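# Analysis of the macromolecular model
Residue-level listing of the chains:
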Amino acid sequence: MKVKTLGTGAGLAVLLLVILLGSSLFVVSEAEQAVITQFGRPVRVIAGESPFSNADELRQSIAAYEQSSGTNVGLSFGAGLYFKVPFLQKVEYFEDRILVFDSEPATIMTGDQKRLIVDNFSRWYIVNPLLFRQTVENIPTALNRLDNIIRSDLRNTLGENEFIEIIRGSDQMLDSGIEIPEQKRLHIKTGRTKIMERVTQLAREKAKQFGIYVIDVRIKRADPPEQNMAAIYNNMTAERSRIAQRYRALGSRQATYIKSETDRKVKTILAEAERDARVIKGNADAEAARTYAQG
C-alpha cells in the first residue's frame, strides 16, 4: 500500500512538473513579436529583428515606460524559446511581418481645382510592440488610426499639387511617335514619386506614436470622376484627330512636292534624250552623205 502511494505521488510530481514546464515555456516564431505581462502590466518585450526597427528608440521607449510606471521591463530580440513565470505571466503576440493596408477610394481636390478619385495602399510594420500595445492594442484599431493619418496627409499633399503633377512621375516624354510642339507640352516640377515620398514621410512621423513604421504609401489609381470621363475621352479624341489631320496635311504637301519634282526630272530627262537623239541622227546623216559623195 505504501509502495502504491509512493508511485502515485511520483506520478503526480511528474505531472505537476510537466504542467509547470508547459506553463513556463513559450515559443516566439519568426513572424511574431511578444509582450509578457504580469497582472496586466508589461514586464518584458520580445521584439523582431527587422531592418525597420530601431533598437535605441525601443530602449528609450521602454525606459520612459519604466520611469512612468515604476515597473522594470526586460528586452529581447528575435524568435526562439523563452521562459515566463507560470500562471502569473501571460504572453501577448504581435505581428513581425510587413502588413498591407488597402484604403477605400476617396475623392480629392487637386491644387488646380480638379477632382480625382484616389485609391491608395500602404505598407507598415510594428517596430515597437510595447508602444503598440499601449496605444492601439490590436490590428483593427491600428488600421483605423492609419486610415485617418494617411487620408489626411494624402488629401493635404495632393491638394497642394496640380493634376498633371499627380498623374505623372517625371518630366520625361513617352516615345509615342507623335511630335508635340514645345509650347503645348505640359511640364512638371515634382511628379507623383516625390509627392508620395512626402506623404510617406508625413505619415511615418505621425504613426511613430503608435509604435508603427510606415514603409511607404502608394497610389494604385487616380482617376477623374465618372461624369468627367466622357468629356476627357472626347477631348483626347479631338486632340488625336487634330494631330492626325496635321500629319495628313504634311503628307499631302510632301506627296505633291515629290510628284512635281519627279515630273520635272522626267521632262528634263526626256528633253535631253530627244536632243541627244537628234544630234546622233544629224551626225549619222552627215556621215552617210559623205560616204555617198566619195563613192
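### Considerations on the environment of D102
Summarising the element assignment, D102 is placed in strand β7 (residues 99-102). On a C-alpha basis, the gap between D102 and K220 in space is 9.6 Å, while along the polypeptide they are 118 residues apart. If near-sequence neighbours (up to four positions away) are discounted, D102 is found in contact with D119, N120, F121 and K220. Polar side-chain contacts of D102 include one of 2.8 Å to the side chain of K220.

### Topic: unusual backbone geometry
Positive phi outside glycine occurs at Q113, with the angle close to 60 degrees. The class of Q113 is exposed, set by a relative accessible area of 61%. Although it is not a glycine, E137 sits at a positive phi angle of roughly 70 degrees. Mapped onto the fold, E137 is located in the loop between α3 (129-135) and α4 (139-159). Residue class for E137 comes out exposed when judged on its relative accessible area of 54%.

### Here's the deal with a nonpolar patch on the surface
A contiguous nonpolar patch, built from F39, V85 and L88 and spanning about 300 Å² of accessible area, is present on the exposed surface. Along the polypeptide, F39 turns up in the loop between β2 (32-38) and β3 (41-47).

### Digging into the layout of surface pockets
Each pocket or cavity is described by its volume, and for the second largest pocket that value is around 270 Å³. What lines the second largest pocket is a set of 14 residues, among which N54, E57, V127, N128 and K208 lie closest to the centre. Within the residue set of the lining of the second largest pocket, elements represented by two or more residues are α2 (55-69) and β10 (212-223).

### Description of the pairing of strand β1 (residues 25-28)
Here β1 shows one buried face, formed by F26 and V28, and one open face, formed by L25 and V27. Bridge count for β1 against strand β5 (residues 80-83) is four bridges, and the pairing is antiparallel. Its bridge partner lying in β5, V28 is registered against G80.

### Notes on empty space enclosed by the protein
Applying the stated criterion across every chain yields a total of one cavity of 30 Å³ or more. Lining the largest cavity are S103, E104, A106, I108, V118, N120, D147, I150, R151, L154 and R155. Going through the elements one at a time, β8 (106-109), β9 (115-126) and α4 are the ones with two or more residues in the lining of the largest cavity. Residues belonging to the lining of the largest cavity are distributed by class as follows: five nonpolar, two polar and four charged.

### Some thoughts on the side chain of S61
Assignment of secondary structure puts S61 in helix α2. Classification of S61 as buried rests on a relative accessible area of 18%. Here N128 takes part through its side chain, which lies 3.0 Å from a polar atom of the side chain of S61.

### Focus: the packing of aromatic side chains
Across all of its chains, the model carries four aromatic pairs by this definition. Relative to Y213, the ring of F52 has its centre 5.5 Å away and its plane inclined at 25 degrees; by these criteria the two rings are stacked. One end of the pair, F52, is in the loop between β3 and α2; the other, Y213, is in strand β10, with 161 residues separating them in the sequence. Take F52: its relative accessible area is 26%, and that puts it in the partly exposed class. Relative to F132, the ring of F94 has its centre 5.8 Å away and its plane inclined at 80 degrees; by these criteria the two rings are edge-to-face. On the criterion of sequence distance, the pair formed by F94 in strand β6 (residues 89-95) and F132 in helix α3 is long-range, its members being 38 residues apart. Overall, the relative accessible area of 8% leaves F94 in the buried class. Three or more aromatic residues joined by ring pairs form one cluster here, namely F52, Y125 and Y213.

### Focus: the sheet that holds β3
By definition, the strands of a sheet pair up through backbone hydrogen bonds, in either a parallel or an antiparallel sense. On the basis of which strands lie adjacent, the open sheet formed by four strands has the order β4-β3-β2-β6 and mixed pairing. Edge positions in the sheet fall to β4 (74-77) and β6, since each of these pairs with one other strand and no more. Ignoring which end each strand starts from, the neighbouring axes of this sheet average 20 degrees apart. Of the strand pairs in this sheet, β2 and β3 are connected by five bridges, and their pairing is antiparallel. Residue pairing in the sheet places T37 in a bridge with P42 of β3.

### A word on the environment of V199
Note that V199 resides in helix α6 (residues 192-207). Setting aside its immediate chain neighbours within four residues, V199 contacts D153, L154, T157 and V217.

What counts and how
- Residues numbered from 1 in each chain as written.
- Predicted model: local features only at pLDDT ≥ 70, side-chain atom pairs only at ≥ 80, totals over all residues.
- Heavy atoms only, no water.
- Helix = DSSP H or I, 4+ residues; strand = E, 2+ residues; numbered from the N terminus.
- Contact = heavy atoms within 4.5 Å.
- Polar contact = N/O pair within 3.5 Å; in protein donor to acceptor, adjacent residues only side chain to side chain.
- Buried < 20%, exposed > 50% of the residue type's maximum accessible area, 1.4 Å probe, protein only.
- Patch = residues over 30% accessible without salt bridge, like charges linked within 9 Å, V, L, I, M, F, W, Y side chains within 5 Å.
- Areas by Shrake-Rupley, 256 points an atom, 1.4 Å probe, with all protein chains shown as cover.
- Salt bridge = Lys/Arg side-chain N within 4 Å of Asp/Glu carboxyl O.
- 1 Å grid on protein atoms, 1.4 Å probe; cavity = no way out; pocket = protein on both sides within 12 Å on 5 of 7 lines; lining within 4 Å.
- Points joined across faces, edges and corners; volume = space filled by probe spheres on them.
- Pairing = 2+ DSSP bridges.
- Nonpolar A, V, L, I, M, F, W, Y, C, P; charged D, E, K, R; others polar.
- Phe/Tyr/Trp six-rings, centres within 6.5 Å; stacked < 30°, edge-to-face > 60°.
- Axes fitted to C-alpha atoms, helices over the stretch in contact; angles between N-to-C directions.

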